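# Coordinates in review
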Amino acid sequence: MKATGHPAYAETTIVCACGSSVQVRSTAKNLHVNACSACHPFYTGKAALADAKGRVEQFRKRYQQPAK
């Protein structure tokens, strides 16, 4: 790797809005994010999953073929 032409790669801290932080190496310094794996609903199990049966019924009702 050439010594010139590449951005500086150094230790940085990623801080979430919930307060958790992670030490990583990056070209950016001190990143702030809105959600992380500690507070995001998908990872914590608090995500509201769509009702699959209701969705299918809505689709069938909306695109029902006319009777012949």
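All of the points below concern the structure found in this document.

## Re the pairing of strand E1 (residues 10–16)
Across 6 bridges, E1 lies against strand E2 (residues 21–26) in antiparallel orientation. Within E2, the residue paired with Thr12 across the bridge is Val24. Here E1 folds back onto E2, and the loop between the two strands holds 4 residues, one of which, Gly19, carries a positive phi near 110°. By the bridge criterion, 3 bridges tie E1 to strand E3 (residues 31–33) in an arrangement that is parallel. Across the sheet, the residue bridging to Ile14 is Leu31, located in E3.

## A few points about the sheet that holds E1
Ordered by their spatial adjacency, 3 strands build an open sheet running E2-E1-E3, and the pairing between neighbours is mixed. At either end of the open sheet lies a strand with only one pairing partner, and these are E2 and E3. Shown here is a sheet whose adjacent strand axes are inclined to one another by a mean of 30°, direction ignored.

Parameters at a glance
Residues numbered from 1 in each chain as written. Predicted model: local features only at pLDDT ≥ 70, side-chain atom pairs only at ≥ 80, totals over all residues. Heavy atoms only, no water. Pairing = 2+ DSSP bridges. Helix = DSSP H or I, 4+ residues; strand = E, 2+ residues; numbered from the N terminus. Axes fitted to C-alpha atoms, helices over the stretch in contact; angles between N-to-C directions.

None of this, on its own, says anything about what the molecule does.
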